[in-house]
Amino acid sequence: MIIFNNSWDELLKEEFKKDYYQRLRKILINEYKNYEVFPDMNLIFDSLKKVSYEDVKVVIIGQDPYHGPGQAHGHSFSVMPKVMIPPSLRNIYKEIVDDVGGYIPNNGYLMKWVNQGVLLLNTTLTVRRGKANSHRDIGWQVLTDRIIEILGEKKDPLVFILWGAHAISKKRFIQNKNHLVIQSPHPSPLSAYRGFFGSRPFSKTNRYLKDNGLNPIDWQIENI
């Protein structure tokens, strides 16, 4: 039984009864029993536990969790404190500095964003150690596509930030045309120079939020 202790409980309760999720749950029990899987099972749904439906202002869609020890904690692009900043996140920080100013912090712990209503959602919520995308086809995307769809139907203004082809493919679930959808190449070192750098997603997000009477996001992560 998944308990969020917020509005996601009611919004997702029917999903957890469906056959696909029951199959997914059985697979996960076996995976966690026989392999090293990230994040810790108690953190799989942490992004939804930390940001209730009504508090979401920005959605940043990632693909799957980091697959190295101690990195993933249930929020896309974020790593635990004192873990080396991954290359994609370092490029995100570079774009923040160029876009809205500030400095590159010494950590990749993005809970400051989360606490302001930024939902850091991976479309696959678990991964085997050292094997990126290893859980891509076990059923997670049925659930996370539904979560994106629920958010995409929301009447309150939202920003969706889609980096890379995988995230951009989720645009079809965003039905409310009043939402701001920002898309660009992925911040990975392999693609950041193809249009991620200079795309200015952070100032665009804040301009939209302010135009809609919402507080902008303070994107500066402080040093630890």
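Residues numbered from 1 in each chain as written. Predicted model: local features only at pLDDT ≥ 70, side-chain atom pairs only at ≥ 80, totals over all residues. Heavy atoms only, no water.

1. Digging into the pattern of salt bridges
Note the cut-off: Should a side-chain nitrogen of Lys or Arg be within 4 Å of a carboxyl oxygen of Asp or Glu, the pair is scored as a salt bridge. With a 1.4 Å probe rolled over the protein chains alone, any residue whose accessible area is under 20% of its type maximum counts as buried; one over 50% counts as exposed, and the rest are partly exposed. Only DSSP runs of H or I reaching four residues or more are called helices, and only runs of E reaching two or more are called strands; each is numbered from the N terminus.
Following the criterion strictly, the structure yields twelve salt bridges and no others. Residue K13 is joined to E10 by a salt bridge in which the shortest nitrogen-to-oxygen separation is 3.1 Å. Among the residues examined, K13 registers a relative accessible area of 35% and is labelled partly exposed. A salt bridge links K170 to D145; the nearest nitrogen and oxygen atoms lie 2.8 Å apart. On the criterion of sequence distance, the pair formed by K170 in the loop between helix 7 (164-168) and strand 6 (180-184) and D145 in helix 6 (residues 140-152) is long-range, its members being 25 residues apart. Residues K170 and D145 agree in their burial class; the two are buried.

2. Focus: the sheet that holds strand 6
Defined as follows: In this description, strands pair whenever DSSP reports at least two bridges between them. Only the contacting stretch of a helix is used when fitting its axis, a line to C-alpha atoms as for every element, and angles between N-to-C directions run 0 to 180 degrees. Residue contacts follow a heavy-atom distance rule, with two residues in contact if any of their heavy atoms lie within 4.5 Å.
Here four strands make up an open sheet; going across it, the order is 3-2-5-6 and the pairing parallel. Both edges of this open sheet fall to strand 3 (118-122) and strand 6, since each of them pairs with a single strand only. Averaged over all adjacent pairs, the angle separating strand axes in this sheet is 20°, with direction ignored. Sheet topology note: the strand 2 (residues 58-62)/strand 5 (residues 159-163) ladder contains four bridges and is parallel. Counterpart to I60 in the pairing with strand 5 is I161. The strands that helix 6 touches are strand 2, strand 3 and strand 5; relative to strand 3, the one it contacts most, it runs at about 150°.

3. Quick notes on the environment of K171
Along the polypeptide, K171 turns up in the loop between helix 7 and strand 6. C-alpha of K171 to C-alpha of F160: the two residues are eleven residues apart in sequence and 8.7 Å apart in space. Setting aside its immediate chain neighbours within four residues, K171 contacts L162, V181 and Q183.

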